[in-house]
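A structural walkthrough
For reference, the chains in residue letters:
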Amino acid sequence: MFHGALTALVTPFRDGVVDAPALRDHIEWQIQSGIDGLVPCGSTGESATLTHAEHDSVIKLTIEQVRKRVPVIAGTGSNSTAEAIRLTAAAREMGADGALLLSPYYNKPTQDGIYRHYKTIAATVDLPLFVYNIPGRTASNILPETMARLAEIKNIVGIKEATGSMDQSSDILKMCGDRIAIMSGDDSLTLPLIALGAKGVISTCSNVVPREMHDLAAAALAGDFANAREIHFRLLPLIRSLFVETNPIPVKQALAFMGKCANELRMPLVPMTAGPAEKLRAAMKEIRLV
């Protein structure tokens, strides 16, 4: 069920509130463009500044709009195990196909604390769970040995691996084998990680180029590496431009350039500065997005 290119959805805002019509349109465009799945309320969706009511409403809207055409993996992570359970249980009740849970941030738990966090959630909520490892945001790294322990738990089915380390990803693939689906958390590493055995990518870039990211993942998964490399190199300048400032600042700017949503973020995130924004526009022009 979980493979290919899945979009870590932005959350459009207008005048300080969630722009539901823009989100529905964005979801529909993603599906019509061939995307393989959708992930609302992750880092790209500014989940950290959504209220609990907004968080639930964005997941519910996504599930309703998708109508089972592609899998929906709801972002339900928290640095509080109890809160993560509540969010995950709510997503299950709404009909999500899975949940993506950020490793606990700020607390800096030990490896055993991380293991128990996920084990407790998995034992409490009967839903396929993805671990999300992004040390740059959480201040702790889920080691491959810990991931191998988590892979023994029945409903932990995958990991979004966003350390940027090919060595760590290689160790996870070697230790876990086919017990879990490894998804790249870095757009630029989609191709090399699939070559090693990953199942796809949970992508920021696909908010802007869903068809191209689908085609890249599909070609790589089919072993058509010549085609996958061509798409990879064509998208690389855009991918780099989308991460010159904190995600999702550039992707919101890119979507605003395309007329897909307002260039509005939740404080403390602020709109992209002028110089990088012009470089982003130039990268988008290169592949005829604007």
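What you are looking at is a predicted structure, and each value in this text was computed from that prediction instead of being measured.

Considerations on the nonpolar core
- Ranked by size, the top nonpolar core spans 48 residues in total, and within it Ile27, Leu38, Val208, Met213 and Leu238 carry the most contacts.
- Every element with two or more residues in this core is listed here: helix H1 (20-32), helix H2 (52-66), helix H8 (190-196), helix H9 (210-221), helix H10 (225-241), helix H11 (249-257) and helix H12 (274-286).
- The residues contacting Ile27, other than those within four sequence positions of it, are Leu9, Leu38, Leu61, Thr62, Gln65 and Val66.
- Grouped together as the second largest cluster of nonpolar side chains are 29 residues, Ala148, Leu173, Ile180 and Ile182 included.

Looking at the environment of Ala262
- Relative to the assigned elements, Ala262 resides in the loop between H11 and H12.
- The exposure class of Ala262 is buried, given its relative accessible area of 19%.
- Apart from residues no more than four positions distant in its own chain, Ala262 is found in contact with Phe13, Arg14, Lys252 and Ala256.

Regarding the pairing of strand S1 (residues 4-8)
- Buried residues dominate S1, accounting for five of its five residues.
- Both S1 and strand S10 (residues 200-203) contribute to a ladder of four bridges, which runs parallel. Within the sheet, the bridge partner assigned to Gly4 lies in S10 and is Gly200.
- As judged from the three bridges shared by S1 and strand S4 (residues 37-39), these two strands associate in the parallel manner. When the sheet's bridge partners are listed, Thr7 is paired in S4 with Leu38.

Analysis parameters
- Residues numbered from 1 in each chain as written.
- Predicted model: local features only at pLDDT ≥ 70, side-chain atom pairs only at ≥ 80, totals over all residues.
- Heavy atoms only, no water.
- Core = buried A, V, L, I, M, F, W, Y, C linked by side-chain atoms within 4.5 Å.
- Buried < 20%, exposed > 50% of the residue type's maximum accessible area, 1.4 Å probe, protein only.
- Helix = DSSP H or I, 4+ residues; strand = E, 2+ residues; numbered from the N terminus.
- Contact = heavy atoms within 4.5 Å.
- Pairing = 2+ DSSP bridges.

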